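What follows is the residue order along each chain.
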Amino acid sequence: MSEKQDFIEHAKGGKILAHKCVNCEDLSLATVYFCKKCGKRGFEDFVLEGHGKAETYTIMTVPPSGFEKYAPYAWVVLSIDNSDLRISGFLANISKPEDLPIGTALKVVGFDDRGIVLEKL
Amino acid sequence: MEKVCVLGAGSTKYGKLDDSISDITLQASVGAIESAGIESKDIKAGYISNVFGVADKQVHLGPVVMSNLGISDRPSLSIESACGSGSVSFREAYANVAAGFYDVALVTGVEKVTHTGTEWTTTYFSYCSDFFYEGQAGASFPGLFASMARAYINEFNATEEDFAQVAVKNHDNGLLNPKAHLRKKITVDDVMSSAVVASPLKLYDCCPFSDGASAVILCNEKFAKEHGGDYIEVLGSGRGGSPAALQGREHLTTIPSTKIAAEAAFKMAGITPKDVDFAEVHDCFTIAEVVDSEDIGFFEKGKGVEAVREGKTKLNGEISINPSGGLKSKGHPIGATGVGQVAEVFDQLTGKAGERTVKNAKIGLTQNFGATGASCAVHIFQSV
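Residues numbered from 1 in each chain as written. Chains lettered and ligands numbered in written order. Predicted model: local features only at pLDDT ≥ 70, side-chain atom pairs only at ≥ 80, totals over all residues.

Caption draft 1: The sheet that holds strand S2 (residues 27-29) of chain A, seen in detail. Residue and element names in this part refer to chain A. As summarised here, the arrangement of the three strands in space is S2-S1-S3, forming an open sheet in which the pairing is antiparallel. At either margin of the open sheet sits one strand with a lone partner, and together these are S2 and strand S3 (43-49). Sheet twist, expressed as the mean angle between neighbouring strand axes with direction ignored, is 40°. Strands in contact with helix H1 (residues 3-12) are strand S1 (15-21) and S3; relative to S1, the strand with the most contacts, it is inclined by about 135°. (Pairing = 2+ DSSP bridges. Helix = DSSP H or I, 4+ residues; strand = E, 2+ residues; numbered from the N terminus. Axes fitted to C-alpha atoms, helices over the stretch in contact; angles between N-to-C directions. Contact = placed C-beta atoms within 7 Å.)

Caption draft 2: Here's a closer look at the environment of B:Asn96. All names here are of chain B. Note that Asn96 resides in helix H3 (residues 85-98). Remark: the alpha-carbon pair of Asn96 and Val234, spanning 138 residues in sequence, is separated by 13 Å. In this structure, Asn96 is in contact with Ala45, Phe101, Tyr102 and Ala105, ignoring residues within four places of it in sequence.

Caption draft 3: Spotlight on the interface of chain B and chain A. Counting from both sides, the interface comprises 28 residues of chain B and, opposite them, 27 residues of chain A. Examining the composition of the side of chain B that touches chain A, we find that seven residues originate from one element, helix H5 (residues 141-155) of chain B, more than from any other. Of the residues assigned to the side of chain B that touches chain A, the class counts are 13 nonpolar, 12 polar and three charged. (Nonpolar A, V, L, I, M, F, W, Y, C, P; charged D, E, K, R; others polar.)

Caption draft 4: Spatial organisation of the pairing of strand S4 (residues 51-60) of chain A. The element S4(A) is largely enclosed, with a buried count of eight among its 10 residues. As judged from the three bridges shared by S4(A) and strand S7 (residues 105-112) of chain A, these two strands associate in the antiparallel manner. Of the residues in S7(A), the one forming a bridge with A:Gly52 is A:Leu106. Here S4(A) pairs with strand S5 (residues 73-80) of chain A via eight bridges, running antiparallel. Within S5(A), the residue paired with A:Ala54 across the bridge is A:Leu78. Pairing geometry for S4(A) and strand S5 (residues 196-199) of chain B, over two bridges, is antiparallel. In the sheet register, A:Met60 faces S5(B), and the bridge partner there is B:Ala198. (Buried ≥ 20, exposed ≤ 12 C-beta atoms within 10 Å, placed from the backbone.)

Caption draft 5: Representation of unusual backbone geometry within the structure. A cis amide bond links A:Ala71 with the next residue in sequence, A:Pro72, at an omega value of -5°. Residues other than glycine seldom take positive phi values, yet B:Ala82 does so here, at roughly 50°. Structurally, B:Ala82 is set in the loop between strand S3 (76-79) and H3. Positive phi, close to 65°, is recorded for B:Asn316, a residue that is not glycine. Relative to the helices and strands, B:Asn316 is located in the loop between helix H11 (304-309) and strand S10 (320-321). The exposure class assigned to B:Asn316 is partly exposed, which follows from the 15 C-beta atoms found within 10 Å.

Caption draft 6: How the structure looks around H1(A). Residue and element names in this part refer to chain A. Restricting attention to buried positions, one finds in H1 the residues Phe7, Ile8, His10 and Ala11. Along the axis of H1, the buried positions cluster into a sector of 160°, meaning they face one direction only. At its buried positions, H1 is contacted by S1, S3, S7 and strand S8 (115-120). Where H1 terminates, the next one or two residues include Gly14, which has phi positive at roughly 80°. (Arc of directions from axis to C-beta.)

Shape is all these values report; function is a separate question.
So, in structure tokens, the structure goes:
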């Protein structure tokens, strides 16, 4: 299984597959091949619960093709709990900023043709 | 390293153009050759930047351009680096002239997409993002910059009206530019009441999809001096990179590639941001101009909106930002934009900018990036 496929399988189960550098312990998303901090290659799997807080987002009203049926929806940058990592994903049924205050708790619930799919926790 | 000069510049009008991608590429190229007062046979190499040639059935534009200029034996390079293609292409030409490989080079950027419609462009442009995390999950480019805008509003003392002021200013400048795409005076109310594209960004916060081509002639100093005519010098050239996805950046309101490229260009030029008289920066969305003005070093982090509010970035303000109208009003033919910025600096510093002339300007800067700033080039120029 490729690194990316492994990452996707974890996302489908609500988890985020991270890599911990065996040299400096820096944490990266599992789609990274070399450590961004020390440059070494050599990781051990580190599975994070796919929970976090909305750090920023947009509400898409003019969507790219394939997303028309979902609009309006949010694309969210999430800071992952218990780490300094972030992840981005799709969140349905958001039409106005009041629906999603910054800091709202969210969770990864799947991965499909909308990429990483999020829901409110 | 050889000192490198810009000897001529040409551009088509930006907007919705009827001619083919290869036609407009040639029109701009011939314009630059005529502006420089050289013959095409003086050109030793061509650098042609373009992103979506596939939309008008012509990729590998380099040899097509060189053949139609009567110099089919000369090498060319066709370059794609998303919306930063033009400045990256300019940098490659600069490096090769500086290194002494060529004494004269042509740099032409082009884009032809308006015939494809908004859905096609929104979708295909999203392929320039880190698609796995961004485009695939439904983020368009307005959406990505909207996320930066929301983070900025959340972190600093800024409002959507502040960003609207950037659009108003750039439209004021674009009114003075005969080649600009959107020549229309607008107000803050017009921006605020325009349709929401990706909250908090509205239609008038966004640059248009444009067709257009721009070209410049680069040469070494010896050629420029012997040839005569107006020319400007390249004082500094810097490039940088950022995490491709927004989520990987330390700060969501800073574009690392701009900071890295600007620092390198200033170091090479031996000047500071205070020495710059005007700048053409990458304002694909209003938030971007604010962030750029901070990342380049014109203003402290979080103070870019105050500068806009106080009119410091207006034409002939403390530092004129985007006297051409910028991407917002002049237009954004994505493969051409970075070259068009250099063409504007050439016009400004050689007295060809007409009503939009920045008074007593000696030093101009260009900053152009790809995607959400995943790649960036900054160049600094001086009048001779």
